[in-house]
Amino acid sequence: MNSISIAWTWFVGFLPKLLVCAIVVVAAIIINQFLPKLITKIYHKATDDDAALNYFKTTAKIIVWVFAILIILEKFGFPMASLLTVIAAVGAAFALAIK
């Protein structure tokens with residue numbers, strides 16, 4: 001087998017992972033376009049505190065990107081159990097810090 005054939009075989013095997021990652025990134029971008037508007041619409045029905053509103057919108061965007069990155073890393077074979085454990089520990093530390 002020559003090197004071009006090996007490279008082509010590798011690329012064809014890698015292409016589905018790459019396409020899924022591209023779809024995940026596009027989905028995260030689209031969600032991050034509409035999610036702040038939805039949060040604003042829902043939040044203004046309850047109150048008009050803009051500082052908290054900005055906090056919720058930023059937090060929602062970060063959560064969307066974290067999930068997108070986790071999905072992409074999972075597609076490339078990274079262990080999700082350990083990553084989710086670290087994220088949970090960071091979240092618990094953050095919650096205790098702001099308490």
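Residues numbered from 1 in each chain as written. Predicted model: local features only at pLDDT ≥ 70, side-chain atom pairs only at ≥ 80, totals over all residues. Heavy atoms only, no water.

As a further point, take the overall build of the chain. Secondary structure assignment for the chain yields three helices and zero strands. Tracing the chain from N to C terminus, the helices and strands come up as α-α-α. Relative to the 2.2 N^0.38 estimate, which gives 13 Å for 99 residues, the radius of gyration of the chain is 19 Å and therefore markedly larger than a compact globule would have. Along the three orthogonal principal directions, the C-alpha set of the chain runs to about 65 × 30 × 15 Å. Relative to its 99 residues, the chain shows a buried fraction of 15%. Put simply, of all contacts in the chain between residues at least 6 apart along the chain, 53% involve residues at least 24 apart. Carbon and sulfur atoms make up 77% of the accessible area of the chain, which amounts to about 7,600 Å² in all. (Helix = DSSP H or I, 4+ residues; strand = E, 2+ residues; numbered from the N terminus. Rg over C-alpha atoms; globule rule 2.2 N^0.38 Å. Buried < 20%, exposed > 50% of the residue type's maximum accessible area, 1.4 Å probe, protein only. Contact = heavy atoms within 4.5 Å. Areas by Shrake-Rupley, 256 points an atom, 1.4 Å probe, with all protein chains shown as cover.)

Grouped together as the largest cluster of nonpolar side chains are six residues: C21, V24, A28, V64, A68 and I72. Broken down by secondary-structure element, the contributors of at least two residues to this core are α1 (3-46) and α2 (50-75). With residues up to four places along the chain from it excluded, the contact list for V24 reads A68, I71 and I72. (Core = buried A, V, L, I, M, F, W, Y, C linked by side-chain atoms within 4.5 Å.)

Time to look at α2. With 26 residues, α2 should cover 38 Å at 1.5 Å per step; its first-to-last C-alpha distance of 38 Å lies within 8% of that length. Buried positions along α2 lie against α1 and α3 (80-98). Just beyond α2, the residue with positive phi is G77, at close to 95°. (Expected span 1.5 Å × (residues − 1).)

Looking at where L83 falls in the secondary structure, it is placed in helix α3. L83 gets classed as partly exposed once you look at its relative accessible area, which sits at 28%. In contact with L83, not counting residues within four places along its chain, are L70, L73 and F78.

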